[in-house]
Amino acid sequence: MTRGRINRRQALKLMGAMGAGPFLAAGGRIPPAAAGGPAGRVVVVGGGFGGATVAKYIKRFDPAVEVTLVEPSRRHFTCPFSNLYLGGLYQFDALGHGYEELVSRYGVQVVHSMADDVDADGRTVRLAGGETLSWDRLVLSPGIDIRWGELEGYTRAAAEKAPHAWQAGPQTHLLKKQLEAMEDGGTFILVAPDNPFRCPPGPYERVAMVANYLKSHKPKSKILLLDAKDNFSKQGLFLDGWRKNYGDMIEWVGRSQDGEVVRVDADRLEVETEFGTTHKASVLNVVPPQRAGFIARRAGVTDASGWAPVEPRTFASPRVEGVYVIGDATEAAPMPKSGFCANAQGKVTAAAIVADLAGVDGPDPSWANTCYSTVAPGYGISVAGVYGIREGHIEEISGGVSPADADAAFRRREAEYAVAWYRAITQDTWGTA
Amino acid sequence: MYRSLAVLLSGLMLVAAPVWAGAPPWERVEAVQNVLDGETPVRGAIHLDLPLVSRDGSAVPLTVEVDSPMSEDDYVASIHLFAVSNPYPEIATIHLTPRMGQAKVATRVRLNESQRVVAVARTNTGRVYADAREVRVTVAGCLARDATYDSDTLMLARVRAPERFSAGEPGEVTTLINHPMETGLRKNGDGNLIPRRIVHRVAASVGAETVMEAELHRSVSADPYLRFFVAPVEDGTLTVRWDEEGGESAVREESLRLR
């Protein structure tokens, strides 16, 4: 016997003493509570970074807990690295991740269906086919929905002409096709929303990756980024990186320079700003206002903001008992809406649920996040943060961005780290890199 | 008998005067007390709106609205805004007139930390209303924006009004001026204080008549932004004027046309 078995109580104690992360790294598992029935039934809705992670880690912590993951897609295509696909640096197929490992290695039951409704009193989830699943604990990780119509003129139909491509899949392909069909000398316009939204550095990486494509294929083209904000993630690093790699191809217009778009005309590929300037695009990419995914709203865990507030220690909903919410659907500021955060939240929440089902206190949480952005081939930048709880709130304990004066070798290494990060986190989440 | 009467009276008072449960949230805030001047405000007719959580304390959207007919006989005369935990709590004082047609203004404010924002309104008849909101701020307002302000557009002002108005019906006007609103509290890279420089007054008029006048303080965000209503009764020109404290001015004119 090369590895000592630990019992359930010891494992939970270890989780509490060390935080979930180190415990997981040690590969520890909690043996089943007792022969016979499950130690509890958990239903997870949504198979992205948050949902797949929480499903897997509940089973790792306690294989006796019955875990069912509800996810309509056979493969999840990630938003992270979809910008690199648009830039020609990554294959679309490599963004897709299936659920085979969750099923075969961890014993998660995966149901490919859509969750239609939640009965919090009866503790069931109803699926699109009409069948219901019972749960002792429910985890919702539905990601975002677009607030259709919130930005005037930006409807589902408009998105077929002016894609958002903020949920990877057909929208990403549509935007790629439009870029490929665009004339040299055209104008690519990206409309960026006000906070909060999925992937804070995403719009700024996206224009860089579009510039990378245009630079080699349509070098006379221009990029206009119209922003509803004056401050954005890694701002100095992006502005510097755009200039170094693409000269004056990318123009960013912040809110105080009349950058906020208030109306979209997708038929004409025109946008109108707050003070009445009209801009005409060759390709129009609108990153629209967002809110928590449908099932979170349906379950009643969201508030007036459209996002789900959570108890900081566990990500349990303060609004609906027995329900947890993780990932982009939550209001967990200062944690960003990122895949990395959803993954970290999934682990902490898995530990909290296993502890709760066992009737013991969960560990003190700690979450980490890194957002790498690829500005150009061999040119990466990052922001990192470590989060904990201070005075009952989630706070950033430490963090920072890449140095402003880093040399080319440093930027090159960060571009390599970005790829390594993507492989590692998709491996951790779905077991497929 | 006396006791039950007292209980009944206290119950009635709670219904009649919607006082704050417990102490009013600005009890020890001198700036608010100065505006209240000993009066007890009521809630209900005033609605203050800010996000529950802000990821950028340098520019937090704020909207305040008071239920009022805005007639010559009965209108909101002033709205006073405070960020009670900022180094200087005063945000702005807005003087309103019946020519606005609607007692609703919006701006963007600096919040140094998570805190309570307070709005007080006074009517021409002497009624006083107040409302308060708690805002959680995860990136402090004082940290954003580096010392290098884009001077190319300094004092560049923008105004937008609806293309057409219905006579006497309020329409919303949006204004913005590019300005750093330097608080005089920040240091530059060399450790020296950056001199205070603020736009302290924004005034809107139609002809000789004042529509709205706002006194801005240091807790207004850079690039002061103000939305307000105007209800023109005939075609005319809206003049908006911004004044820097002891410095420059900017003026913009916008046509107001009836349908």
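Residues numbered from 1 in each chain as written. Chains lettered and ligands numbered in written order. Predicted model: local features only at pLDDT ≥ 70, side-chain atom pairs only at ≥ 80, totals over all residues. Heavy atoms only, no water.

1. Some details on the overall build of chain B
Thinking step 1. Broken down by element type, chain B carries two helices and 15 strands.
Thinking step 2. Relative to its full complement of 259 residues, chain B shows a buried share of 49%.
Thinking step 3. When contacts within chain B are restricted to residue pairs at least 6 apart in sequence, long-range pairs at least 24 apart make up 67% of them. (Helix = DSSP H or I, 4+ residues; strand = E, 2+ residues; numbered from the N terminus. Buried < 20%, exposed > 50% of the residue type's maximum accessible area, 1.4 Å probe, protein only. Contact = heavy atoms within 4.5 Å.)

2. Overview of the nonpolar core
Thinking step 1. Within the largest apolar cluster, 106 residues are counted, with the highest numbers of intra-cluster contacts made by Ile58, Leu138, Phe188, Ile223, Trp242, Tyr246 and Val301 of chain A.
Thinking step 2. At nine residues, helix α11 (residues 339–358) of chain A tops the list of elements feeding residues into this core.
Thinking step 3. In terms of domain composition, this core takes at least three residues from each of domain 1 (8–145 + 291–430) and domain 2 (160–283) of chain A.
Thinking step 4. Ignoring anything within four residues of it in the chain, the contact list for Ile58 of chain A reads Val42, Pro63, Val65, Val67, Ala350, Ile353 and Val354 of chain A.
Thinking step 5. Counting 54 residues, the second largest nonpolar core, distinct from the first, contains Leu48, Ala214, Val240 and Leu258 of chain B. (Core = buried A, V, L, I, M, F, W, Y, C linked by side-chain atoms within 4.5 Å. Domains from an automatic or database assignment.)

3. Side note on the sheet that holds strand β10 (residues 171–177) of chain B
Residue and element names in this part refer to chain B.
Thinking step 1. Spatially, the six strands line up as an open sheet ordered β1-β3-β6-β13-β10-β9, and their pairing is antiparallel. Each edge of the sheet is formed by a strand with only one pairing partner; in this case those strands are β1 (46–49) and β9 (157–160). If you compare each strand with its neighbour and ignore which way they point, the axes differ by 15 degrees on average. (Pairing = 2+ DSSP bridges. Axes fitted to C-alpha atoms, helices over the stretch in contact; angles between N-to-C directions.)

4. Observations regarding the packing of aromatic side chains
Residues and elements named next belong to chain A.
Thinking step 1. In total, this model carries 17 aromatic pairs over all chains according to the counting rule given.
Thinking step 2. Summarising the aromatic geometry, the rings of Phe81 and Tyr90 are spaced 4.9 Å apart at their centres and angled 80 degrees between planes, so their arrangement reads as edge-to-face.
Thinking step 3. Owing to a relative accessible area of 15%, Tyr90 belongs among the buried residues under this scheme.
Thinking step 4. Between the aromatic rings of Phe232 and Trp242, the centroid separation amounts to 6.1 Å while the plane-to-plane angle is 25 degrees, which identifies the pairing as stacked. Placement of Phe232 in the loop between β12 (222–227) and α9 (235–246) and of Trp242 in helix α9 is noted, with a sequence separation of 10 residues between them. In terms of burial, Phe232 and Trp242 fall into one category: buried.
Thinking step 5. One aromatic cluster is present, built from ring pairs that chain together Phe81, Tyr90, Phe340, Trp421 and Tyr422. (Phe/Tyr/Trp six-rings, centres within 6.5 Å; stacked < 30°, edge-to-face > 60°.)

5. Things to note about unusual backbone geometry
Thinking step 1. In this structure, the amide linkage connecting Asn195 of chain A to the following residue, Pro196 of chain A, adopts the cis form with an omega of -10 degrees.
Thinking step 2. Among the secondary structure elements, Pro196 of chain A is positioned in the loop between β11 (187–192) and α8 (202–217).
Thinking step 3. Between Ala333 of chain A and Pro334 of chain A the backbone carries a cis peptide bond, its omega angle lying at 15 degrees.
Thinking step 4. Here Pro334 of chain A lies in the loop between β21 (330–331) and α11.
Thinking step 5. The phi dihedral of Asp37 of chain B falls on the positive side, at around 55 degrees, and the residue is not glycine.
Thinking step 6. With respect to the helices and strands, the residue Asp37 of chain B is situated in the loop between α2 (30–36) and β1.

6. A closer look at the domain arrangement of chain A
All names here are of chain A.
Thinking step 1. Its domain assignment divides chain A into domain 1 (8–145 + 291–430) and domain 2 (160–283).
Thinking step 2. Of the residues lining the interface, 36 residues belong to domain 1; the matching set on domain 2 comes to 31 residues.
Thinking step 3. Both faces combined, the contact of domain 1 with domain 2 buries some 2800 Å², and carbon together with sulfur accounts for 62% of it.
Thinking step 4. When the buried area of domain 1 at its contact with domain 2 is split by residue, Asn83, Leu86 and Val375 rank highest and sum to 24% of it.
Thinking step 5. Along the contact surface separating domain 1 from domain 2 lie one salt bridge.
Thinking step 6. Remark: the boundary between domain 1 and domain 2 carries 14 residue pairs in polar contact (both at pLDDT 80 or more).
Thinking step 7. Taken together, the elements giving at least two residues each to the side of domain 1 that touches domain 2 come down to α4 (82–86), β10 (144–146), β22 (367–376) and β23 (379–390). (Buried area = accessible area lost by both parts, 1.4 Å probe. Salt bridge = Lys/Arg side-chain N within 4 Å of Asp/Glu carboxyl O. Polar contact = N/O pair within 3.5 Å; in protein donor to acceptor, adjacent residues only side chain to side chain.)

7. Here we look at the interface of chain B and chain A
Thinking step 1. Each partner contributes residues to the interface: chain B has 22 residues there, and chain A has 25 residues.
Thinking step 2. Buried area between chain B and chain A, summed over both chains or domains, comes out near 1800 Å², and the portion from carbon and sulfur atoms is 45%.
Thinking step 3. It is Arg55, Arg136 and Arg160 of chain B that lose the most area in chain B upon contact with chain A, and together they represent 37% of the buried surface on that side.
Thinking step 4. Remark: the boundary between chain B and chain A carries three salt bridges.
Thinking step 5. A salt bridge links Arg160 of chain B to Glu272 of chain A; its shortest N-O distance comes to 2.4 Å.
Thinking step 6. Inspection of the region where chain B meets chain A yields 13 residue pairs in polar contact (both at pLDDT 80 or more).
Thinking step 7. Taken together, the elements giving at least two residues each to the side of chain B that touches chain A come down to β9 and β10 of chain B.
Thinking step 8. Looking at side-chain class alone, the side of chain B that touches chain A contains seven nonpolar, six polar and nine charged residues. (Nonpolar A, V, L, I, M, F, W, Y, C, P; charged D, E, K, R; others polar.)

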